[in-house]
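Coordinate inspection notes
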Amino acid sequence: MSSSPPPPPPASSSTKLFIPQPKDEDPSCRIVGILERKRPEENTQGKPIALIIHGSMGHKDYIYQRKLAALLPIDSFRFDFRGNLESGGKWSLAALPNEIDDIQCVAHHLHTVYGYLIRVVIGHSKGSVTSCKWIAGATKPLPGEGGEEEEGGGGGEGGSEEARQVRAFVNVAGRHRMYKFRYLYDLHEEAIKAQGYGIWKVKVAGKPVDARVYPHDIEAFSKWDTTYVSREFPSNVDVLTIHGLEDGIVPPYDAVLHAQAFDDRVGGEGKHTLHFIEEADHNFKGHQEEVNATIVEWLERLQEYDERKGKGKGKGEGEEGEKKGSSERKGEGEGEGGLRVKFTGIWRSRVHRPRSPSASISKL
C-alpha cells in the first residue's frame, strides 16, 4: 500500500502595514511597508525578522528588495521612508536623522505589537548609512540606564532596545566618505545659483519625480559623520558589504574603508565580509540575482556555523557561553527559529572567490 504524499508547505503571506510615526509634524503620518511572513499560521512572538531598507529616492520594492524578501529564510519587513512613495511626511535629501527615527519606529512596532526580534538589517546606499547609525544605538544607554526617554522606544542619538537585538547587518553600496557627495552640487550648480535649488529628476515606481536639491541639504549630507563605526557599532554584529566595481555613485573604495572600520571594532566576535561584483553599478542592474544569492547564502552559513558550534560545545562551555551572551545583551528574548543565537566569526574582510555564477561566499 503506497503512503500518502506529504502535505504541501504552508503558503507565505504579504500584508501591508500602516505604522504611525509620532515624531512627524503631521499627526496622521503613517509609514507604509510590507510584512512578509514565511509561516503565517505560526505565532510571531520571539521570531526573528529582517528589515530591508531602501536608499535615496527609492522605495520598498525597487532594485532587489521584493525578490530578496521572498528568498530570505526568515520573515521580513520592507517599507518606504517618510516622503517616499506611499509613506506620509515630506522628502528631504538630508533627512538622515528622520530616517533613523523611521527605522526605530518600525522596529519598535514590530517588536511591541508582533513580538518580533530584529535580527537582520539590510540597507542599500543611503539606507545603509542610516541603518548603520541606527544599529550603533545598541551601544547607547536606554531610558533607565542613563538615556533620555523618547517616544517610539528610543532611536535617534539615544539607545534602542530593538537595535540591541540585531545580529547581522548587510551594507549594500553604502557610502563611507560622505564628503564626496558634494559632487551633487557641481551637477546642479547652475540651477542653484539661478533659483536657490536644483531639480533631481528621477523615476520612482515607474513615475517621473522632480525633487528639489538645496545646497544646505547637500552640505548637511556631506558632513554626516561615519567615524563612529569602529567605536560605536556593536562588536558582536556580523557585517556583509556588497559593492559593484562599476558603481559611479559611491566609489568602490568606500567598501574597502567600511571593511577597515568594521574590522577595527574591539571586544566582540563580529566579523566583516567584503563582496565585490564585477561590472555592477550602484543599483546592480543585471546583477540583482547575485546580490540576493550572496545575502541569503551568507545568512544561512552564519546560522549553520552557529548550530555546529553549539552542538560541539561541552556542557560547561555551553553554560559559560550562555552566561556571557546574556550579560552582553540585556533584555534579549530567547526567540524561535533561525538567527536566535549569536553569530560568530568565520568571515574576514576580503573579496571571496565565487564557486558559481550565483556567487557563493568562501569560508575561511
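An account of the accompanying structure is given in this report. (Residues numbered from 1 in each chain as written. Predicted model: local features only at pLDDT ≥ 70, side-chain atom pairs only at ≥ 80, totals over all residues. Heavy atoms only, no water.)

**Notes on the packing of helix α2 (residues 96-114) against helix α3 (residues 126-135)**
For the pair α2 and α3, interaxial distance at closest approach is 9 Å and the crossing angle is 65°. Note on packing geometry: the crossing formed by α2 with α3 is right-handed. Taken together, the residues of α3 that come into contact with α2 (itself represented by Leu 96, Glu 99, Ile 100, Ile 103, Gln 104 and Ala 107) are Lys 126, Val 129, Thr 130, Ser 131, Lys 133 and Trp 134. Taken together, the residues of the contact of α2 with α3 sort by class into six nonpolar, three polar and three charged. (Axes fitted to C-alpha atoms, helices over the stretch in contact; angles between N-to-C directions. Helix = DSSP H or I, 4+ residues; strand = E, 2+ residues; numbered from the N terminus. Left-handed = near helix turned anticlockwise from the far one by under 90°. Contact = heavy atoms within 4.5 Å. Nonpolar A, V, L, I, M, F, W, Y, C, P; charged D, E, K, R; others polar.)

**Describing helix α7 (residues 253-263)**
For α7, the set of buried residues is Asp 254, Ala 255, Leu 257, His 258, Ala 259, Ala 261 and Phe 262. In this fold, the buried residues of α7 make contact with α3, β6 (168-172), α6 (229-232), β9 (238-244) and β10 (272-277). (Buried < 20%, exposed > 50% of the residue type's maximum accessible area, 1.4 Å probe, protein only.)

**Topic: unusual backbone geometry**
In the Ramachandran plot, Met 57 falls in the positive-phi region, its phi being about 55° despite a non-glycine side chain. Residue placement: Met 57 occurs in the loop between β3 (48-53) and α1 (65-71). Given a relative accessible area of 10%, Met 57 falls into the buried group. In this structure, Leu 85 takes a positive phi of about 45° despite not being glycine. In this fold, Leu 85 is placed in the loop between β4 (75-79) and α2.

**Here's the deal with the side chain of Gln 65**
As for its position among the elements, Gln 65 is in helix α1. For Gln 65, a relative accessible area of 0% corresponds to the buried category. Setting aside residues no more than four positions away along its own chain, Gln 65 makes contact with Ile 52, Ile 53, His 54, Lys 60, Arg 78 and His 124.

**Structural notes on helix α5 (residues 215-222)**
Since there are 3.6 residues in each turn of an α-helix, residues three or four apart along the chain are aligned in direction. For α5, the complete set of buried residues consists of Asp 217, Ile 218, Phe 221 and Ser 222. Mapping the buried residues of α5 onto a view down its axis gives an arc of 130°, with all of them on the same face. Contacts from the buried residues of α5 go to α2, α3, α4 (183-195) and β8 (207-213). (Arc of directions from axis to C-beta.)

**Notes on the pairing of β4**
Consecutive side chains along a regular strand alternate between the two faces of the sheet. Of all five residues making up β4, five are buried, and the element is well covered by its neighbours. A two-sided burial pattern is seen for β4, the buried positions comprising Asp 75, Phe 77 and Phe 79 on one face and Ser 76 and Arg 78 on the other. Relative to β4, strand β2 (residues 30-37) runs antiparallel, the two being bridged by four bridges. When the bridges of β4 are listed, Glu 36 appears paired with Ser 76. (Pairing = 2+ DSSP bridges.)

**Here's the deal with the environment of Arg 119**
In this structure, Arg 119 sits in strand β5 (residues 117-124). For Arg 119, a relative accessible area of 0% gives the class buried. For Arg 119 and Arg 164, which are 45 residues apart along the polypeptide, the C-alpha to C-alpha distance reads 9.0 Å. Within the local environment of Arg 119, its side chain forms a polar contact with the backbone oxygen of Gln 165, the two atoms lying 2.9 Å apart. (Polar contact = N/O pair within 3.5 Å; in protein donor to acceptor, adjacent residues only side chain to side chain.)

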